[in-house]
Amino acid sequence: MNSSILITLVASITGMLVILVITLVLTLSEEKGPPTNYRQFIINNINADNIYFISGFLSSNPHPAGSTIDEVLCEFISRMWSSQGLRVKRLHYDAFLATANSERPNKVAVFNATNGTIFESSPTQPLISFNPPPINQLSIYSFSSFSGLGTAQSSSVVYANYGRDEDFRYLDECNITVNNSIVFIRHGEIFRGDKVRFAETRGAAAVILYTDPHDAAPLGPSNTYPNTVYAPPGATQLGSLKLQGDLLTPGYPAVESAFHLLDSEADTFSIPVQPMSYSDAWHFLSLVKGEEAPASWQGGLNFTYHLGPELAEGKQVAVMVMDLLGQKTVYDVVGFIEGQEEPDRYVIVGNHYDSWTYGGIDPSSATAVLLELVRVFSEMHAAGWRPRRTLLFCNWGAKENGLIGSTEFAEEFSSVLQDRGVVYLNLDLVMTGNHSFMAIGVPMLHDIIFEVAKIVPNPDPSEVKEGRTSIYDTWLHRYPDGPYPRISGGKDVRPIVGTIGTGSDYRAFMFNLGIPSMDMFFTAAPDEAQLPLQHTAYETFFLASKLMDKGLLYHQGCARMLGLLAYEFSMQPLLPYNVSAYTDFINASWVDFISSNGSQLADFDVETESLEAAVVQLVAAGKAFQGNLTSISSSTDALTLRRYNDAMLLLDKAFLAPLGLPGRPLLNHVVLAPSSLNGYVWDTFPGLQDLLRAAQDDQATVNSTNIERLLQQHVAALTHHLNLASRALTFSLW
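Residues numbered from 1 in each chain as written. Predicted model: local features only at pLDDT ≥ 70, side-chain atom pairs only at ≥ 80, totals over all residues. Heavy atoms only, no water.

**Thoughts on the environment of Phe 191**
Reasoning step 1: Along the chain, the position of Phe 191 falls in the loop between strand E7 (182-186) and helix H6 (192-201).
Reasoning step 2: By relative accessible area, which is 5% here, Phe 191 ends up buried.
Reasoning step 3: Here the alpha-carbon distance between Phe 191 and Asn 678, two residues 487 residues apart in the chain, equals 5.7 Å.
Reasoning step 4: Residues contacting Phe 191, with those up to four places away along its chain left out, are Ser 240, Leu 241, Lys 242, Leu 243, Asn 678, Gly 679 and Tyr 680. (Helix = DSSP H or I, 4+ residues; strand = E, 2+ residues; numbered from the N terminus. Buried < 20%, exposed > 50% of the residue type's maximum accessible area, 1.4 Å probe, protein only. Contact = heavy atoms within 4.5 Å.)

Here it is in structure tokens:
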């Protein structure tokens with residue numbers, strides 16, 4: 001079909017669906033007339049049927065960034081929000097994207113000693129054959145975004161477990177060389193891009209990222225999708241290897257006036273990288289010989305795993321990656337409800353709408369939640385409610401390709417957002433399981449998250465029968481306290497709140513702009529696979545609505561949490577931060593850091609007395625500030641409220657280093673940043689952590705004098721930024 005005809009057809013269908021959706025959501029409201037209790041209105045009016053309808057529509061087609069369907073969904077969201085009374089802006093960016101080459105698809109092959117082909121991996125995932133399949137089922141080609149291009153062939157193949165730094169160090173201890181080898185790494189544990197980086201820096205020729213049944217199909221290949229949530233043999237996980245925004249305009253928005261690097265200058269990997277299913281991986285890993293892998297490295301395929309690098313009978317493996325790289329237009333949709341008293345203060349609520357495949361969970365579950373939430377807020381606004389602060393509702397484009405839409409937005413409006421952004425509330429997906437609610441975010445936000453969770457009804461009927469009627473009750477029961485620093489010195493049992501890294505759209509807001517950020521979702525149990533079908537062709541609406549959340553009650557619960565948090569931040573005269581919780585966390589983190597690394601700092605002759613004094617001063621300033629807040633009430637004069645709110649907003653901004661972290665100039669937060677060992681979580685004092693790791697990596701080649709100077713320089717920078725934070729809280733220059 002002609003592409004212009006296709007676009008016209010899809011657009012007309014979308015227009016009809018918009019009208020239908022609007023009609024449904026207006027007739028499905030549970031309350032009529034002006035609400036008297038807006039918190040209860042939000043809880044009562046989040047409608048699971050609306051979420052079901054919209055989520056089914058959103059996940060009816062694959063919609064990767066830069067595709068026609070992706071643009072159609074952008075238009076759908078824009079029209080819907082406009083019809084509900086929001087002021088809407090569509091922003092577009094010319095972003096560098098990687099896409100699969102359907103004409104020359106990627107493959108991995110095994111050759112015999114005479115270079116005859118024994119086996120080739122499948123370029124696509126098997127189509128869904130059960131009834132009903134997705135409405136518009138397409139072949140999904142396997143690739144890893146921002147892989148190196150070309151062919152790598154070798155008789156040396158190494159199995160590196162999860163590809164963590166510790167896994168590669170174990171191979172080093174076993175004298176197994178990764179250099180010039182093709183490395184098989186299973187998905188899980190850490191960010192896929194870090195796995196590839198560890199392999200590439202050790203000289204690997206190529207990397208295969210495969211799904212292991214131990215992690216994704218623990219009940220065996222017959223107990224998989226569509227009968228369970230587990231991955232069938234042909235499931236292949238797509239994903240980006242870079243999560244830092246547009247690679248051709250680092251640090252600046254990818255707008256028309258921007259200076260774009262050449263494609264060849266983009267920060268992509270140089271070695272070929274290809275994802276693979278476990279049905280295909282069997283044909284390769286079963287040939288790997290050498291030392292037997294340790295018990296903890298053994299996977300779920302029916303053979304004993306070996307480390308390599310030898311292959312049986314002189315065979316060779318070739319990895320051929322032919323992806324397409326180039327600029328495409330991607331779109332953000334931003335709608336807002338203007339604040340009445342403080343229109344220049346922004347509560348930002350974000351979710352991405354692009355997906356590698358159908359996106360039944362990631363992100364359509366969350367996109368549908370956000371759309372339903374906007375409907376409820378627009379009804380409140382139509383009934384006379386006015387937020388104190390401006391609510392920005394954001395649907396990001398091209399998140400999956402590297403957090404592009406959110407990062408470019410943050411870069412384009414950086415000075416305004418850094419000055420006026422109050423909080424960033426993210427929702428990437430609703431659930432990876434249904435064991436318990438989980439939040440991740442900075443300690444300053446923990447208290448308000450707990451407060452909201454206590455009033456949101458528990459979507460788990462079995463937990464309600466046990467007397468745990470709120471989301472908070474089950475969260476506390478199943479994840480009490482935990483391995484994270486305790487906010488109150490170890491005396492107060494609270495649920496675990498996880499750390500954030502670079503895994504979703506909060507990255508730029510938190511680590512570049514200093515806007516306190518969080519995300520939330522329902523999680524599988526610790527010993528269960530976390531959304532094993534994520535980014536595969538089987539992450540469908542059927543998975544979301546029939547296998548994981550019948551009735552979409554967990555979707556509804558997540559919408560209630562997000563809605564109430566947005567309401568509290570947009571309405572409370574005094575921002576619901578806990579400053580002393582943050583400063584106590586920094587102090588506890590410093591104690592832990594110095595306990596683990598103090599002797600190494602001393603070996604480099606790095607003095608930390610001034611830094612330790614700055615930590616003590618910051619803790620005292622935090623306690624004093626929090627104490628003063630107890631005398632502030634909602635009736636306090638507007639100027640005093642503004643002074644205290646502004647002081648709290650300055651806290652995270654004080655930690656932003658203008659030149660970025662040592663070796664990572666695109667990250668500015670000196671106290672928190674995505675870990676260089678696993679980008680999905682944060683490191684505290686990341687600059688020091690990175691420098692000390694660099695010193696440990698290879699003592700024979702590291703210039704110790706240079707490391708010493710860099711450590712001394714960064715300790716001085718940390719001291720400066722901690723002092724700035726103290727001054728922000730004391731309303732004083734000195």
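**Digging into the pattern of salt bridges**
Reasoning step 1: Per the counting criterion, the structure on display carries 34 salt bridges.
Reasoning step 2: Among the salt bridges present, the one from Arg 345 reaches Asp 646, with a minimum N-O distance of 2.9 Å. Pair noted here: Arg 345 is in strand E13 (residues 342-352) and Asp 646 is in helix H20 (residues 638-653), with a separation of 301 residues, a long-range link.
Reasoning step 3: Owing to a relative accessible area of 7%, Arg 345 belongs among the buried residues under this scheme.
Reasoning step 4: In this structure, Lys 399 engages Asp 428 in a salt bridge whose closest nitrogen and oxygen atoms are separated by 3.1 Å. (Salt bridge = Lys/Arg side-chain N within 4 Å of Asp/Glu carboxyl O.)

**Structural notes on the layout of surface pockets**
Reasoning step 1: There is about 1,700 Å³ of room inside the largest pocket.
Reasoning step 2: Of all the secondary-structure elements, those providing two or more residues to the lining of the largest pocket are H6, helix H7 (213-216), strand E16 (436-441) and strand E18 (517-523).
Reasoning step 3: Taken together, the residues of the lining of the largest pocket break down into 23 nonpolar, 16 polar and 11 charged.
Reasoning step 4: There is about 1,000 Å³ of room inside the second largest pocket.
Reasoning step 5: Sorting the residues of the lining of the second largest pocket by element identifies helix H5 (165-173), H6 and helix H21 (686-697) as the ones contributing at least two each.
Reasoning step 6: Here the lining of the second largest pocket gets five residues from one element, more than from any other, and that element is H6.
Reasoning step 7: Broken down by class, the residue content of the lining of the second largest pocket amounts to 12 nonpolar, eight polar and 14 charged. (1 Å grid on protein atoms, 1.4 Å probe; cavity = no way out; pocket = protein on both sides within 12 Å on 5 of 7 lines; lining within 4 Å. Points joined across faces, edges and corners; volume = space filled by probe spheres on them. Nonpolar A, V, L, I, M, F, W, Y, C, P; charged D, E, K, R; others polar.)

**A look at the sheet that holds E7**
Reasoning step 1: Strand order in this open sheet of four strands is E6-E7-E8-E10, and the pairing throughout is parallel. The sheet is open, and its two borders are formed by strand E6 (157-159) and strand E10 (273-276), each paired with just one other strand. Averaged over all neighbouring strand pairs, the angle between strand axes comes to 20°, with direction disregarded.
Reasoning step 2: Across five bridges, E7 lies against strand E8 (residues 206-210) in parallel orientation. Of the residues in E8, the one forming a bridge with Phe 184 is Ile 208.
Reasoning step 3: Across the face of the sheet, H6 comes into contact with E7, E8 and E10 while running at roughly 150° to E8.
Reasoning step 4: Sitting on the sheet, helix H8 (residues 278-285) is in contact with E6, E7, E8 and E10, with an inclination near 115° to E10. (Pairing = 2+ DSSP bridges. Axes fitted to C-alpha atoms, helices over the stretch in contact; angles between N-to-C directions.)

**Thoughts on the nonpolar core**
Reasoning step 1: In terms of nonpolar packing, the biggest core is built from 177 residues, with Phe 377, Phe 393, Trp 475, Phe 509, Met 561 and Phe 655 touching the most fellow members.
Reasoning step 2: If we ignore the near neighbours within four places in the chain, the residues touching Trp 475 are Ser 436, Phe 437, Met 438, Ala 439, Ile 449, Phe 450, Ala 453, Pro 480, Pro 495, Ile 496 and Val 497.
Reasoning step 3: With 50 residues, the next largest nonpolar core counts Ile 182, Ile 185, Phe 269 and Leu 307 among its residues. (Core = buried A, V, L, I, M, F, W, Y, C linked by side-chain atoms within 4.5 Å.)

**Looking at the packing of helix H3 (residues 48-58) against helix H16 (residues 541-548)**
A pair of packed helices is captured by two measures, namely the crossing angle of their axes and the spacing between those axes.
Reasoning step 1: Packing of H3 against H16 leaves a shortest axis separation of 9 Å and a crossing angle of 145°. Residues Tyr 52, Ser 55 and Gly 56 of H3 touch H16, and the partners they reach there are Phe 541, Ser 545 and Lys 546.
Reasoning step 2: Each residue belonging to the contact of H3 with H16 can be placed in one class, and the counts come to two nonpolar, three polar and one charged.

**A closer look at the pairing of strand E15 (residues 421-426)**
Reasoning step 1: Among the six residues that make up E15, six are buried, leaving the element largely enclosed by the rest of the structure.
Reasoning step 2: As judged from the five bridges shared by E13 and E15, these two strands associate in the parallel manner. Paired with Ile 348 across the bridge in E15 is Tyr 424.
Reasoning step 3: Pairing of E15 with E18, which is carried by three bridges, proceeds in the parallel orientation. Paired with Tyr 424 across the two strands is Ser 517, which belongs to E18.

**A word on the sheet that holds strand E3 (residues 117-120)**
Reasoning step 1: In spatial order, the strands read E3-E2-E11-E5; together these four strands make up an open sheet with antiparallel pairing. In the strand order of this sheet, the two ends are held by E3 and strand E5 (150-154), each with one partner. On average, each strand axis in the sheet is tilted by 20° relative to the strand beside it, whichever way the strands run.
Reasoning step 2: Bridge analysis of E5 against strand E11 (residues 316-321) gives five bridges, and the strand direction is antiparallel.

**A look at the environment of Leu 661**
Reasoning step 1: By the secondary structure assignment, Leu 661 is in the loop between H20 and strand E19 (672-674).
Reasoning step 2: Sequence separation between Leu 661 and Pro 686 is 25 residues, and the spatial gap between their C-alpha atoms is 7.8 Å.
Reasoning step 3: Beyond its immediate chain neighbours, meaning those up to four positions away, Leu 661 contacts Leu 667, His 669, Val 670, Ala 673, Pro 686, Gly 687 and His 714.

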